[in-house]
Structures are given as C-alpha cells and as structure tokens.
Amino acid sequence: MKFAIYGQTAKPIVQNIVRRLFNLFNQYGGDTEVIFEEEFYSLLKEENILLEEYKTFGTENPLTSEVDFFISVGGDGTMLRAANFIKNTNIPIVGINAGRLGFLANVQHDNLEEHIPLLFEGKFKRSKRSLLSLECLPEKNNEFEIQYALNEVTVSRKNTTSMITVETYLDDEFLATYWADGLIISTPSGSTGYSLSCGGPIIEPETGCFVLTPLAPHNLNVRPLVIRDNLTIKLKVSSREKQFLVSLDTTTKTVDNETEVIITKAPFTVDLVEFPSQSFIKTLRNKLLWGEDKRN
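K.L.:
Help me understand the layout of surface pockets, please; the structure alone is not making it clear to me.
P.N.:
The rolling of a water-molecule-sized probe over the atoms marks out the regions of remaining empty space. Each pocket or cavity is described by its volume, and for the largest pocket that value is around 500 Å³. Considering the residues around the largest pocket, the lining is formed by 21 residues, among which E37, G58, T59, F85 and E145 are closest to the centre. Mapped onto the lining of the largest pocket, the elements with two or more residues apiece are strand 1 (2-7), helix 2 (38-46) and helix 3 (76-86). Each pocket or cavity is described by its volume, and for the second largest pocket that value is around 380 Å³. Taken together, 23 residues make up the lining of the second largest pocket; nearest its centre are N106, Q278, S279, T283 and K287. Put simply, the parts of the chain that give the lining of the second largest pocket at least two residues each are strand 6 (107-108), strand 18 (260-274) and helix 6 (280-287). The element contributing the most residues to the lining of the second largest pocket is helix 6, with 5 residues. By residue class, the composition of the lining of the second largest pocket is 8 nonpolar, 11 polar and 4 charged.

Here is the structure:
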C-alpha cells in the first residue's frame, strides 16, 4: 500500500503524529511505501524525524493514481491545500487534525491508532466533494498559487473602509449588484467555514449546489442564496480603490477593478475518507456543540 503524506509545519504535535503513523504502517502494512510532499519533507529532515530517505512529490513532480491514500497532517487549512495536490487522481484524503475545530480534518490525533488500521482493512467510505474553479479576465490576473477551491472563492475590498459593488451574473443572466464588503461563493464543504460565520446556511457536503453569501451587505433584505452547481458565476467588482482581493481558500491575490471573475464547478471531485464512527451529522453535533442544549 502506498501513502502520500503532507503537512505545512513540523511543530511537536505534527512530529508526534508522523512517528505514530510509521509505527502503525510497520505494524499493519508490511510492505507499505511512503512518499512526502517536498517542502514538508525538508521540514521533517531538519528536525531529524525521518531515519531514512524517502521519495517526494510536489508541483513539478505531481502525484499519480498509484498512491492509495493521501494523508493530510494539520488542520482544515492543510486539507484545503491538499485538494490541489490530488486534483483528478481520485486519491482519497485522510485528514488528521492537529489544529483546532477541524470540520474537514476529521481524524483527531488522539484517535490515530483507532482509525488508521481501518484503511488496511477497507473499513471506510469515500465522501465526494465538489470544488470551485476560477478564471480571471484579463488573463494577467490568473496567476494564483492554487487553482481549485474546496471551500470557497471570495471577492472582498482592499485597503479601504468603503464598500465595493459586486455585479453578479448566473449563466450570463444578471442577478444583482451587491453593495457590501465582499461576496463569498461557497461549496457545500465550505458551508461550515467562512460562509457560516457570515450568516450562510449549513449544507450537507454531497449536495449539488453552491452558496452566494454577501459580506456585511448594505441592503438588509439581501440574503445568502443557494444555487445549483452547474451554473457559471460571473462577477464584476468596482470600488473607490483601484484594486480588490480575490481569495481561493487559503491564498489571496490582488486584482484590478473591472476584472471579470468567472467561477464554475471543477470537472472533478475529491474524495474525503470517512470511517464508520464518523458522519457529517455527528460532526455537526460535536463541533458546533448542538448537543450541549438540553432541549436537543
């Protein structure tokens, strides 16, 4: 069995998780092969965590479908970047939470020894998650560090306290002009992230839709809108400043006013691993503390 491992830091909790992963691989895997993301590999080598040399992958040396599992060690931010290594390879992602809330990275590090052996036994299911693809016109504004968003694409104001206007079209039909601090276009996976904190709805992860959630809209009758996910969303932004911000999950870029931001559903999905004891409903209860109210 072949595992690809990725993380963004080598802090002590991550080091501990990597050591425990190797113990589990040796215990259950036999001829397990491990490869590391190149920058994460360098961080671990600096800390003398790895006792031998391993192959690496990265943007110039992409993953292939021969990898059985992609293990993301960190929080949800690490998971979001993991999706851009996976792309259309169909490699399932196992998210080990070394962070805080962890909606996407749903394996708590305390439960590592309980869950990882289930991979070798085939006792898991795949949760298919849609992604957003972004194109900016003119093309000079297209140079983003990542290409696909698992959670959301956001346009927002830059260096000003003034609102921006976001002229919005669905399949070239005019929807509305949002006078606001910005606009979030969220996937169902991202509905429990930035969109939720701005008043957006919680959506079951495999639902075929997207959500448009305005940031602090000036018009009080403007509300989040759920749309089907096969629509093309086009945004035109103007403001008192000459530029505005476009964010894909964890990466942000400055683009010029009047740039056309075109958002569509990516032509592939990514698969997140869920174990028998896990479900989206249980995660809602545990992470959002819905069960803390005695009436529930």
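K.L.:
Sorry, what's going on with the packing of aromatic side chains here?
P.N.:
Ring pairs (aromatic) are described by centroid distance and by the angle formed between their planes. One pass over the full model with this rule turns up 19 aromatic pairs. Ring geometry for F36 against Y54: centres 5.5 Å apart, planes inclined by 75°, an arrangement best described as edge-to-face. Of the two residues, F36 is situated in strand 2 (residues 33-37) and Y54 in the loop between helix 2 and strand 3 (55-57); the sequence distance between them amounts to 18 residues. On the accessibility criterion, Y54 (19% relative accessible area) is buried. With centroids separated by 6.4 Å and ring planes inclined at 20°, the aromatic side chains of F70 and F85 adopt a geometry described as stacked. Highlighted residues: F70 in strand 4 (residues 69-74) and F85 in helix 3, separated in sequence by 15 residues. An aromatic cluster is present here, built from F3, F22, F25, Y28, F36, F40, Y41, Y54, F69, F120 and F124 joined pairwise through their rings.

What counts as what
Residues numbered from 1 in each chain as written. Predicted model: local features only at pLDDT ≥ 70, side-chain atom pairs only at ≥ 80, totals over all residues. Heavy atoms only, no water. 1 Å grid on protein atoms, 1.4 Å probe; cavity = no way out; pocket = protein on both sides within 12 Å on 5 of 7 lines; lining within 4 Å. Points joined across faces, edges and corners; volume = space filled by probe spheres on them. Helix = DSSP H or I, 4+ residues; strand = E, 2+ residues; numbered from the N terminus. Nonpolar A, V, L, I, M, F, W, Y, C, P; charged D, E, K, R; others polar. Phe/Tyr/Trp six-rings, centres within 6.5 Å; stacked < 30°, edge-to-face > 60°. Buried < 20%, exposed > 50% of the residue type's maximum accessible area, 1.4 Å probe, protein only.

No statement about biological role is implied by the geometric values presented.
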